[in-house]
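Structure at a glance
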Amino acid sequence: MTAAAPPPSELRHLRPADAEGTLFVAATLAATAAGVWLSLRTDVLPWAAGQLLLAASLVEWFVLLHECGHRTLFRAPALNVIVGHIAGFFAAIPFGMWVHVHRRHHKWTGWQDLDPTTAALAPRDRTRLERRIVSVCWKYWLPLFSIVYRLGNFWNPARLARLESTHGTRARVAGGLLAVAAIYVAIAWWLGPAMMIRLGGAATLVAFAIEDVLIISQHTHVPMELSGGRRVLPHRALEQARYTRSLRLPGAVSRALLHFDAHELHHMYPFVPGYRLREIAFETAHEVTWWRWVRAARACPGDVLLFQNRRDTGFDI
């Protein structure tokens with residue numbers, strides 16, 4: 001008999017700690033600086049090592065952005081906001097837009113056409129060219145999804161206008177987009193295209209390829225519901241586990257990534273800091289080891305993986 005999930009009231013002691021949040025940020029800043037320093041070397045091996053280290057740092061910044069968006073990296077709210085903007089800069093996702101979209105993602109998880117991060121995958125007619133591009137990119141580890149995920153969700157003023165009716169909020173979030181874009185333009189002008197590519201080109205591609213696996217594994221090829229324009233109610237947090245999947249990463253990697261792989265637990269208890277999720281004494285139903293999932297998912301055509309689910313295909317992914 002499966003044990004019942006603990007109610008949220010029993011887990012209120014799992015709170016953020018400023019010391020732990022500071023440790024993660026300091027380590028990521030140090031790794032980023034080391035990656036940049038190595039990438040400035042003229043020898044190939046130091047440069048390659050720097051790009052790999054910088055790629056790992058960029059993935060970590062994405063995880064820290066996610067944590068700050070939930071206000072769970074630090075206990076102090078102001079620290080979450082400050083570090084969230086820094087993490088968003090490195091992750092190429094403006095913090096204000098991240099908070100805005102990700103909040104709606106948690107509200108509408110399970111309703112594929114209402115969740116802004118899965119709506120593009122909802123059933124519709126797709127051209128052969130569109131399916132072919134998706135399949136080729138997935139087969140050859142080209143990080144199409146991470147790029148589209150950013151452009152479609154977090155650099156999309158039109159979507160912001162559709163999702164947010166409050167003028168003040170729209171103006172504030174749009175201002176954040178413009179500010180981050182201006183910083184990127186200024187850095188590119190200062191360094192020049194060649195130095196930008198040398199410092200971050202390979203690292204960004206590797207980081208995005210890793211994020212493709214992490215992000216796609218969480219809600220893709222999982223049966224979801226469709227509102228079809230009807231007025232529906234959001235699913236409670238404890239009910240959202242059946243609409244997501246968790247990858248079990250090696251222990252050290254999972255700890256370094258603040259247990260970002262424990263995605264079912266995160267949706268059930270979004271108020272718990274990622275670095276404390278594994279303290280919850282509950283075994284989720286859809287956790288799979290990362291290597292098993294990668295092998296099965298990479299054997300599946302990209303368009304089938306993204307645009308269908310296991311109820312349609314029978315693929316146990």
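Attention in this report is confined to the structure presented alongside it. (Residues numbered from 1 in each chain as written. Predicted model: local features only at pLDDT ≥ 70, side-chain atom pairs only at ≥ 80, totals over all residues. Heavy atoms only, no water.)

1. Focus: the pattern of salt bridges
- Enumeration over the complete set of coordinates arrives at nine salt bridges.
- Linking Glu-130 and Arg-124 is a salt bridge whose minimum nitrogen-to-oxygen distance equals 3.0 Å.
- The class of Arg-124 is partly exposed, set by a relative accessible area of 45%.
- A salt bridge links Arg-276 to Glu-279, with the shortest nitrogen-to-oxygen separation between them at 3.0 Å.
- What you see here is one network of salt bridges that share partners, running through Arg-248, Asp-261, Arg-278 and Glu-287. (Salt bridge = Lys/Arg side-chain N within 4 Å of Asp/Glu carboxyl O. Buried < 20%, exposed > 50% of the residue type's maximum accessible area, 1.4 Å probe, protein only.)

2. What to know about the side chain of Thr-117
- Within the element layout of this structure, Thr-117 appears in the loop between helix H4 (95-108) and helix H5 (128-139).
- Classification of Thr-117 as buried rests on a relative accessible area of 16%.
- There is a polar contact of 2.9 Å between the side chain of Thr-117 and the side chain of Asp-115.
- In this structure Thr-117 touches Val-101, His-105, Tyr-149 and Asn-153, once residues within four positions along its chain are discounted. (Helix = DSSP H or I, 4+ residues; strand = E, 2+ residues; numbered from the N terminus. Polar contact = N/O pair within 3.5 Å; in protein donor to acceptor, adjacent residues only side chain to side chain. Contact = heavy atoms within 4.5 Å.)

3. Description of the packing of helix H2 (residues 44-69) against helix H9 (residues 193-219)
- As a packed pair, H2 and H9 sit with axes 8 Å apart at the nearest point and diverge in direction by 45°. What the angle tells us is that H2 and H9 run oblique. For the crossing formed where H2 meets H9, the hand is right-handed.
- Taken together, the residues that form the contact of H2 with H9 break down as 14 nonpolar, four polar and two charged. (Axes fitted to C-alpha atoms, helices over the stretch in contact; angles between N-to-C directions. Parallel < 35°, antiparallel > 145°, perpendicular 65-115°, else oblique. Left-handed = near helix turned anticlockwise from the far one by under 90°. Nonpolar A, V, L, I, M, F, W, Y, C, P; charged D, E, K, R; others polar.)

4. Considering H5
- With twelve residues, H5 should reach 16 Å at 1.5 Å per residue; the first-to-last C-alpha distance of 16 Å fits that figure.
- For H5, the complete set of buried residues consists of Val-134, Ser-135, Cys-137 and Trp-138. Angular distribution of buried residues about the axis of H5 spans 170°; they occupy a single face of the element. Away from the buried face of H5 by more than 90 degrees, exposed residues Arg-128, Leu-129, Arg-132 and Lys-139 are located.
- Of the surrounding elements, those touching the buried residues of H5 are helix H6 (144-153), H9, helix H12 (290-298) and helix H13 (302-307).
- Once H5 ends, the next one or two residues include Trp-141, with phi positive near 60°. (Expected span 1.5 Å × (residues − 1). Arc of directions from axis to C-beta.)

5. Some words on a nonpolar patch on the surface
- On the surface, a cluster of nonpolar side chains totalling about 250 Å² of accessible area is made up of Leu-52, Val-206 and Ile-210.
- Summarising the element assignment, Ile-210 is placed in helix H9.
- Assessed through its relative accessible area of 38%, Ile-210 is described here as partly exposed. (Patch = residues over 30% accessible without salt bridge, like charges linked within 9 Å, V, L, I, M, F, W, Y side chains within 5 Å. Areas by Shrake-Rupley, 256 points an atom, 1.4 Å probe, with all protein chains shown as cover.)

6. So, unusual backbone geometry
- Unlike most non-glycine residues, Trp-141 shows phi in positive territory, near 60°.
- In this fold, Trp-141 is placed in the loop between H5 and H6.
- Residue Trp-141 is classed as partly exposed on the basis of its relative accessible area of 43%.
- Positive phi is not limited to glycine here, since His-259 has a value of about 55°.
- Structurally, His-259 can be placed in the loop between helix H10 (251-256) and helix H11 (263-268).

7. Concerning the packing of H2 against helix H3 (residues 77-91)
- Running from N to C, H2 and H3 point in directions that differ by 145°, and their axes come no closer than 8 Å. Note on packing geometry: the crossing formed by H2 with H3 is left-handed. Packed against H2, whose contacting residues are Leu-58, Trp-61, Phe-62, Leu-64, Leu-65 and Cys-68, the element H3 presents Asn-80, Val-83, Gly-84, Ile-86, Ala-87, Gly-88, Phe-90 and Ala-91 at the interface.

8. A look at the packing of aromatic side chains
- The full count for this structure, using the stated rule, is 13 aromatic pairs.
- On the numbers, 5.1 Å between centres and 75° between planes, the contact of Phe-89 with Phe-90 is edge-to-face.
- Summarising the aromatic geometry, the rings of Phe-145 and Tyr-149 are spaced 6.1 Å apart at their centres and angled 20° between planes, so their arrangement reads as stacked. Here Tyr-149 and Phe-145 lie together in helix H6, a separation of four residues that amounts to about one turn. Across the pair, exposure class does not vary: Phe-145 and Tyr-149 are buried alike.
- Here the basic side chain of Arg-12 rests over the ring of Phe-271, its NZ or CZ set 4.1 Å away from the ring centre. (Phe/Tyr/Trp six-rings, centres within 6.5 Å; stacked < 30°, edge-to-face > 60°. Lys NZ or Arg CZ within 6 Å of the ring centre and 35° of its normal.)

9. Some remarks on the environment of Ala-19
- Among the structural elements, Ala-19 can be located in helix H1 (residues 18-39).
- Between the C-alpha atoms of Ala-19 and Leu-73, which are 54 residues apart in sequence, the distance is 9.7 Å.

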